[in-house]
Amino acid sequence: MAGTITYLRGDATAPQGEGPRIIAHVCNDLGGWGRGFVLALSRRWPGPEAAFRRWHRERAGNDFGLGAVQLVRVAPCLWVANTVGQRGIRTGRSTGVPVRYEAIDTALAALAAEAVRLGASVHMPRIGCGLAGGRWERIEPLVTDRLTARGVPVTVYDP
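Residues numbered from 1 in each chain as written. Predicted model: local features only at pLDDT ≥ 70, side-chain atom pairs only at ≥ 80, totals over all residues. Heavy atoms only, no water.

Draft legend 1. Representation of the packing of aromatic side chains within the structure. Counted according to the given criterion, the structure contains five aromatic pairs. Taking 6.5 Å as the distance between ring centres and 85 degrees as the angle between the ring planes, the aromatic pair formed by Tyr7 and Trp136 counts as edge-to-face. Residue Tyr7 is found in strand β1 (residues 5–9), and its partner Trp136 is found in helix α4 (residues 136–146); the two are separated by 129 residues along the sequence. For Tyr7, a relative accessible area of 33% puts it in the partly exposed group. For Trp136, a relative accessible area of 8% gives the class buried. Taking 5.5 Å as the distance between ring centres and 40 degrees as the angle between the ring planes, the aromatic pair formed by Trp33 and Phe52 counts as tilted. (Phe/Tyr/Trp six-rings, centres within 6.5 Å; stacked < 30°, edge-to-face > 60°. Helix = DSSP H or I, 4+ residues; strand = E, 2+ residues; numbered from the N terminus. Buried < 20%, exposed > 50% of the residue type's maximum accessible area, 1.4 Å probe, protein only.)

Right, dumping it as structure tokens:
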């Protein structure tokens, strides 16, 4: 039962609706957390940042890397999905963009399985399109193919 993406103006850290919800966002593979959407997450909950930093620090013994997903419970029916879809970060000397579309695709497939298991909807900003430098025209079809095509309701929030 395929669905469509709902677009709303609002705050992705305050997901609309009832029932289990997952807030998805894209992280880099350097373990950096300090600019962009993650600041809004950290203002609301300390858990996602602490879990991400621990996941990165202990990466020799876990699945941390491009395409990986870490679910962090922040309320009884609310999780944050730290998804690794960005190689490095932009610097003043950078050429190209850090977004890795194939990693976002892999992460969204894993996220879909978790959302189905939890009976959850997924909420997000336009992932991969801020500091990662991606284009929504490339990411939206991945969201559709991996999430809504599996019946997972998705809401995208624009500030």
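Draft legend 2. Examining the environment of Gly17 more closely. Looking at the secondary structure, you find Gly17 in the loop between β1 and β2 (21–28). A relative accessible area of 47% means that Gly17 is categorised as partly exposed. Considering only alpha carbons, one finds Gly17 and Asn28, 11 residues apart in sequence, at a separation of 29 Å.

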